[in-house]
Amino acid sequence: MAQLENQIQSDIKAAMIAKDAVALTSIRAIKAAILLAKTSEGGAKESLEDEEVIKIIGKLVKQRKESAAIYSQQNREDLAQNELAEAKVMEKYLPKSLSEEEVEAAVKEIIAQIGASSMADMGKVMGVATKKLAGAADGRVISTIVKRLLS
């Protein structure tokens, strides 16, 4: 079992003992998504790598934030606050997010390595950048910076 999976399992127990409903709901959602990922794709996997778990958690956080935005638009602040609280609990398992300046520096380095010079090279740059910055930066932010630097 991956180290992150073990951490999640022990955090579920800690949340139960502390009677922290928000943390318990959030961490159980992560565990459910991990179990789903293990059993999908044509067969059961024994365990997932930490990188795969981080990707799953990133997706869950993004879903929570999008839901919160929709709830806010519909004047349902109670539901929006709950989604944001869950996202905050989940974010503690993700690597520290990079600032835009840090992402830009990493993208410039990738562009130099690949020798990209125009928008025609965007696919190559995005492929490398999303792998290198997985979990540390949002895909939309990476895409915006790559477009700006290549145009």
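Residues numbered from 1 in each chain as written. Predicted model: local features only at pLDDT ≥ 70, side-chain atom pairs only at ≥ 80, totals over all residues. Heavy atoms only, no water.

### Some remarks on the pattern of salt bridges
Phase 1: Enumeration according to the criterion identifies 10 salt bridges in this entry.
Phase 2: One salt bridge connects Arg 76 with Asp 78, and the closest N-O pair in it is separated by 3.2 Å.
Phase 3: Note on Arg 76: relative accessible area 38%, which makes it partly exposed.
Phase 4: The class for Asp 78 is partly exposed, based on a relative accessible area of 48%. (Salt bridge = Lys/Arg side-chain N within 4 Å of Asp/Glu carboxyl O. Buried < 20%, exposed > 50% of the residue type's maximum accessible area, 1.4 Å probe, protein only.)

### Considerations on the side chain of Ser 26
Phase 1: Within the secondary structure, Ser 26 is located in helix 2 (residues 21-39).
Phase 2: Side-chain polar atoms of Ser 26 contact the backbone oxygen of Val 22, separated by 2.7 Å.
Phase 3: Here Ser 26 is in contact with Glu 86, Val 89 and Met 90, once residues within four sequence places are set aside. (Helix = DSSP H or I, 4+ residues; strand = E, 2+ residues; numbered from the N terminus. Polar contact = N/O pair within 3.5 Å; in protein donor to acceptor, adjacent residues only side chain to side chain. Contact = heavy atoms within 4.5 Å.)

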